[in-house]
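Listed below, chain by chain, are the residues.
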Amino acid sequence: MKKFFALILALAMALSLAACGTKSTPAASAAAGSAASGSAASGSGKVYNVCNLVNGNLGDKSFFDSAEAGLKKLESDGRIKLTTIEMGGTDEDQPKWLSTLYEVSDSGEYDLIVCGTYQMPDYLNEVAAKYPDQKYLIYDSAVDQPNVVNINYKQNDLGYLVGVLAASTTTDTSLDKINADKVIGFVGGVDSPVINDFLYGFILGAQSVVPDIKVDTRYTNDYVDTAIAKEYGLSMIKDNKCDVIWGVAGNAGNGAAEAALESGKAWFIGVDSDQELTLSSDLAAITLTSGLKNIGNSLIWFFDQWDAGKDSELFGKTILLGIAEGGVGIVTDKNYDKYASDATKKAVEAAQQSILDGKVTVPTAIGDDSGAVETLRESVRP
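Residues numbered from 1 in each chain as written. Predicted model: local features only at pLDDT ≥ 70, side-chain atom pairs only at ≥ 80, totals over all residues. Heavy atoms only, no water.

Averaged over every residue, the pLDDT of the chain is 89; the share at 70 or more is 88%. In this model residues 1-42 is a low-confidence stretch, pLDDT under 50, and it forms 110 contacts with partners more than four residues away in sequence or in other chains. (pLDDT = per-residue confidence, 0-100. Contact = heavy atoms within 4.5 Å.)

Turning our attention to the nonpolar core. Within the largest apolar cluster, 74 residues are counted, with the highest numbers of intra-cluster contacts made by Phe-302 and Phe-303. Residues contacting Phe-302, with those up to four places away along its chain left out, are Leu-112, Leu-137, Val-149, Ile-151, Leu-314 and Phe-315. Grouped together as the second largest cluster of nonpolar side chains are 20 residues, Met-87, Val-104, Tyr-131 and Val-148 included. (Core = buried A, V, L, I, M, F, W, Y, C linked by side-chain atoms within 4.5 Å. Buried < 20%, exposed > 50% of the residue type's maximum accessible area, 1.4 Å probe, protein only.)

What follows is about the pattern of salt bridges. Applying the stated rule across the entire model yields 16 salt bridges. Between Lys-96 and Asp-93 there is a salt bridge; the shortest N-O distance is 3.6 Å. Here Asp-93 falls in the buried class, since its relative accessible area comes to 16%. (Salt bridge = Lys/Arg side-chain N within 4 Å of Asp/Glu carboxyl O.)

Okay, the sheet that holds strand S11 (residues 318-321) next. Ordered in space as S2-S1-S3-S4-S5-S11, the 6 strands form an open sheet in which the pairing is parallel. At either margin of the open sheet sits one strand with a lone partner, and together these are strand S2 (80-86) and S11. Here the strands of the sheet are splayed against their neighbours by 20 degrees on average, with no regard to which way each runs. Summarising the sheet, strand S1 (residues 48-54) and S2 pair through 7 bridges and their orientation is parallel. Among the inter-strand pairings, Leu-53 is bridged to a residue of S2, identified as Ile-85. Most of the contacts of helix H5 (residues 121-130) go to strand S4 (residues 136-139), to which it runs at about 165 degrees, and overall it touches strand S3 (112-116), S4 and strand S5 (148-153). Sheet contacts for helix H11 (residues 295-307): S1, S2, S3, S4, S5 and S11; angle to S5, the most-contacted strand, approximately 135 degrees. (Pairing = 2+ DSSP bridges. Helix = DSSP H or I, 4+ residues; strand = E, 2+ residues; numbered from the N terminus. Axes fitted to C-alpha atoms, helices over the stretch in contact; angles between N-to-C directions.)

Our next topic: unusual backbone geometry. Of note in the backbone geometry, Asp-140 takes a positive phi value of approximately 55 degrees without being a glycine. Mapped onto the fold, Asp-140 is located in the loop between S4 and S5. Positive phi, normally seen in glycine, also occurs at Asp-272, with a value near 70 degrees. Within the secondary structure, Asp-272 sits in strand S9 (residues 267-272). Residue Asp-272 is classed as buried on the basis of its relative accessible area of 0%.

A few words now on the side chain of Thr-100. For Thr-100, the location among the structural elements is in helix H4 (residues 94-107). Filtering out sequence-adjacent residues up to four positions away, Thr-100 remains in contact with Leu-53, Ile-85 and Met-87.

What follows is about the sheet that holds strand S7 (residues 214-219). If you trace the 6 strands from one edge of the open sheet to the other, you get S7-S6-S8-S9-S10-S12, paired in mixed fashion. Looking at which strands have only one partner, the edges of the open sheet turn out to be S7 and strand S12 (328-330). When the angles between neighbouring strand axes are averaged without regard to direction, this sheet yields 15 degrees. Direction of pairing for strand S10 (residues 287-293) relative to S12: antiparallel, over a ladder of 3 bridges. Following the sheet pairing, Gly-291 is matched in S12 by Ile-330.

Within this structure, the stated rule accounts for 15 aromatic pairs. Seen from their ring centres, Phe-302 and Trp-306 are 5.3 Å apart, and the 40 degrees between their planes marks the pair as tilted. Here Phe-302 pairs with Trp-306, and both are found in helix H11, just 4 residues apart, close to one helical turn. In textbook terms, an aromatic cluster arises when at least three aromatic residues are bridged by ring pairs, as seen for Tyr-48, Phe-302, Phe-303, Trp-306 and Phe-315. One cation-aromatic arrangement involves Lys-135 over Phe-315; the distance from NZ or CZ to the ring centre is 4.5 Å. Lys-177 extends its terminal NZ or CZ atom over the ring of Trp-267, reaching a point 4.5 Å from the ring centre. (Phe/Tyr/Trp six-rings, centres within 6.5 Å; stacked < 30°, edge-to-face > 60°. Lys NZ or Arg CZ within 6 Å of the ring centre and 35° of its normal.)

Further remarks concern the environment of Lys-72. Along the polypeptide, Lys-72 turns up in helix H3 (residues 63-76). For Lys-72, a relative accessible area of 42% translates into the label partly exposed. Separated by 228 residues in sequence, Lys-72 and Ile-300 place their C-alpha atoms 10.0 Å apart.

For H3, built from 14 residues, the straight-helix expectation of 20 Å at 1.5 Å per residue is met to within 8% by its first-to-last C-alpha distance of 20 Å. Turning to H3, its buried residues are Phe-63, Phe-64, Ser-66, Ala-67, Glu-68, Gly-70, Leu-71 and Leu-74. Trailing H3 by a residue or two, Gly-78 shows a phi angle of about 80 degrees, which is positive. (Expected span 1.5 Å × (residues − 1).)

Below you can see the structure in the form of structure tokens.
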């Protein structure tokens, strides 16, 4: 089961290498901040020696920067001593990833070695098996080793928030680009459990606002080429009057942003990172918000748990972090703050609070063989 879960989570990472530590929804930020400050005051008092291996370079405004920001916060709070090694992200750099992982593991210097992304599990699985006394953490992916903690994210909860936002937006005809039809769009990567986990929450969140809403769902079967997503986006807008589209297909999904811009009749929502910071200025201008995976917050959460002596609940486990732990959220500044109505903001905040209070439990597509999400998807097509 762990190996299966690791595989589907690796597919999720093919969405993008993104999760900038930007402003997320207020409760998520507050939860993460409260946990961090509480642990700093009452934790074990141990200062951990940590190595952060970046299979790329800092400055990506995405996963690597977010992870580094969380670790830097832990360092500034006196909780860890940090060594960061940028290994490069080109094909030519990849042999260095394995050799560096071996080198830092063999040194015996570090209490924890951190790495992330879908490109690292094979390397980590090999090395962790040969250094059973070394502790490792991998984020947004997973391996099956007893000395590795696997941190992943509740994209179904994230999808619910984005669905509430999209449905609230498509009913706000006072907003530029919004028409009278209640139709929103979802451009996913591969038709797979992880992508459909985003979709499951997205549809249910939208239905909580507009029960008879229509959701035009299409899959690119690709995470790089923007052309097919642009084609889908233009069709959604022209044929079905879709005016809000969520791109969940990595770089390919950005083609939907190009469609929204070219048509002048729709808004785009990004995924994983704050895409207003990564897209060109014209595409950023029509990006209403982005769903976030907050890597930095999740690393702080991990050290809170480790300080509390919960080793047996961490290592050898795959952990899913949601809103309460600051693992996921949405961008609430910039375009969202400017364009979302007060009613839309209140609806999103209420949805988040309902998840936090346990009043709403968002089902997951992962491990669900009932076909429920597929049935739901087909029932809401325009």
